[in-house]
Amino acid sequence: MPLHDRIIPYLERAGLYHLARLNSHWFWLDEPLVSAFVERWRPETHTFHMPFGECTVTLQDVAFQLGLPVDGEAVSGCLGEFETYIEGGRPAWEWFQDLFGELPPPNKVKQMTVHFTWFHERFSVLPPDANEETVRIYARAYIIMLLSTQLFGDKSANRVHIRWLPFLANLDEMGRYSWGSAALAWLYRCMCRVANRNVTNLAGPLQLLQSWIFWRFPSLRPSGFDYFSFPLASRWAAYLPPNDGKEQKVISYRLALDRMSARDILWEPYSAVDVLPVVHPEILTEEHSRIWRVVTSLIYFAVIEWHQVDRVVPQLGGVQHIPEDALNVDWLHAKDGRGGDRWFPHYYRDWHLHWGSRVDAVISIERVADPGPSADYLDWWYREAHRFLSPGAAFTDPRGTQIPEEALQRGSSQVPRRSQLPHMPDNRRVERRRRVGTRESGREWRWIYDMLHEDDAPEEAADVGGHRVRRSSGRRRGPQAATQFGGRASGTTGTETAGDTFTQSFTPTMTMDVDDQMGSAHFYSDFAAVMRDDAGPSHVQVDAAPYQPSAPDVVFDTTAYHPHMTEMQPQVPDFQGQYAVDLNQPAGSPLDTWFTMGGTPQSAYGIAPPVDDAVQVAGRPTRVRRPTRCGTGSHLLDPFEDAARDDTDD
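Worth saying up front: this structure is predicted, and the values here are computed from it rather than measured. (Residues numbered from 1 in each chain as written. Predicted model: local features only at pLDDT ≥ 70, side-chain atom pairs only at ≥ 80, totals over all residues. Heavy atoms only, no water.)

Caption draft 1: A look at the pattern of salt bridges. Inspection of every chain in the model, using the stated rule, returns 19 salt bridges. In this structure, R40 and D258 form a salt bridge, with 2.2 Å as the shortest nitrogen-oxygen distance. Linking R40 in the loop between α3 (31–38) and β1 (41–42) with D258 in helix α12 (residues 246–258), this pair joins segments that are 218 residues apart in sequence. R40 gets classed as buried once you look at its relative accessible area, which sits at 0%. Assessed through its relative accessible area of 1%, D258 is described here as buried. (Salt bridge = Lys/Arg side-chain N within 4 Å of Asp/Glu carboxyl O. Helix = DSSP H or I, 4+ residues; strand = E, 2+ residues; numbered from the N terminus. Buried < 20%, exposed > 50% of the residue type's maximum accessible area, 1.4 Å probe, protein only.)

Caption draft 2: Region of the structure containing the sheet that holds strand β6 (residues 159–161). Strand order in this open sheet of three strands is β4-β5-β6, and the pairing throughout is antiparallel. Among the strands making up the open sheet, the edge pair consists of β4 (109–110) and β6. Strand direction decides the pairing type here: strand β5 (residues 113–115) and β6, joined by three bridges, are antiparallel. Counterpart to H115 in the pairing with β6 is R159. The sheet contacts of helix α7 (residues 116–123) involve β5 and β6, and relative to β5 the element is tilted by about 60 degrees. (Pairing = 2+ DSSP bridges. Contact = heavy atoms within 4.5 Å. Axes fitted to C-alpha atoms, helices over the stretch in contact; angles between N-to-C directions.)

Caption draft 3: Local environment of the packing of α3 against α12. Two numbers describe how α3 lies on α12: the axes approach to 8 Å, and their chain directions differ by 45 degrees. For the element pair α3 / α12, the angle class is oblique. Every pair of crossing elements has a handedness; the one defined by α3 and α12 is right-handed. Contacts from E31, P32, L33, S35, A36 and F37 in α3 reach K246, K249, V250, Y253, R254 and L257 in α12. In terms of residue class, the contact of α3 with α12 is built from seven nonpolar, one polar and four charged. (Parallel < 35°, antiparallel > 145°, perpendicular 65-115°, else oblique. Left-handed = near helix turned anticlockwise from the far one by under 90°. Nonpolar A, V, L, I, M, F, W, Y, C, P; charged D, E, K, R; others polar.)

Caption draft 4: The pairing of strand β7 (residues 297–300), seen in detail. The alternating pattern of β7 places S297 and I299 and L298 and Y300 on opposite faces, both of which are buried. In this structure, β7 lies alongside strand β8 (residues 303–306), joined through four bridges in antiparallel fashion. Each residue of the ladder has a partner; that of L298, found in β8, is E305. What sits between the antiparallel neighbours β7 and β8 is a turn of two residues, in which F301 has the positive phi angle 55 degrees.

Set out below in structure tokens:
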């Protein structure tokens, strides 16, 4: 929509004028480039995990790239029940008619949204003789379109939500809101959604993301774009990426990111001598610049995200330390405003209070001449991180763990003080992770699991007629047995037959006590009785005589046994090919033989290796691979969670 001169004063008071100037400078999106970066996004830390460390879009980038205010009140409220939650509020469509002078036709309305075309057709051209009230109506139409397309666009890509009516009712008060933090919260949420492998479309302020990539990574930016003005995203106004060979370009970008080092990123691109003169002075004031260093919540109605700038200290001119554990906000990620309207400042009161006290959450960063990761951080990152996504054949083995000389010269940095908030796990996901893939989920054959423990309890094993034990026994002993080999029972999902299950029980990954006398006469006689009970008239009857094993009884030495990785996990062919080395393991570092697939560890959110396993979901074999995501987050994305949850992200 064209920007009329008489509308500009309203945009300036709303803090959206710089964003409106970009309305004629938006550029096409380089989808393969954005896809390659989204592969490295971790929802737990809200950062991109690169070979040299972490980086992300921060409030500082929003201020420089889009010119939006980052300090102010949270952009929140309710989604449509204005007469219920807002003092002086009116029913939604009555308020809409009062603010815009008319109602859209029914074919342009869908629930609480209005089609873009109605605003284009009705408010594109401001009449030359329009009075001030008409100008205000056109200003409201321009602002609601600007917010719905350039900042908070969703996957519909053609509708405007009427949640903005309370803001448009008082245009002079719109400048007191933090539009920058709301836009960043929405960008974070959109990228966290697409981290789900079932989600393929990405929405949000993607021009902000692409401009951030071009400014931070000179080797990825297009050539011939040397002139720029404020906002800095206008630099790429004429950029038009080629539209062919997208799949091959994703592979090329992925390989380029895998080969990057800390020298390939500009930690402080906005400190250049040719950038500062064009920046609006208001952006550089202490009132706004201190918010760049805040570790706090980011709020956009029902969307609550976390600004973890303490993990990307070099972007603010400091030396990166080993970060603290990430805050678990899984419960917040499960909320998107569906399921009934509510007053979000009250529903998320603690998070709104935290944003309200954001000044107290500003961390102290000691600026240095050469910002970057410290030697301790790189040593930790090289050992723990999943740094490469390309197949190993594309490398000459770039996994050198030698700390660069410049990192040794930086020394170490002190962990900044950070406000401590309680974790917010999604209990439904925690319960689902606990159940799926464990022996507790196989109720129909739990009896045979319980029978394997009855050899050590003669008083309970005397009655073997029905081969059933009390349910409480299985529940009591299950968790103890499931933790003997590193945390979780290797898995079945309750879809196998009893015979298959019994066969699997004799592998080193079984969850029975290893000191059970498997070669004893009692064991085989019990098993023979089990087979006899299960056999029907058409089956071969089992001889009732006790079985005498030919081999002597063997007592397992539990102190000398250590399962190997190949015993802990099913052998599944690697469809990416066999390579001599695993590029996701540091050179000279043995495999962790105690790692098995599970949910979030109790240490809550340290670095975990990726999951590559064959599992069964809903009775069908499923290949679980995440080649498009970096497995260095604070916990693994659970494949059972992705398959079992309702796909609310779309």
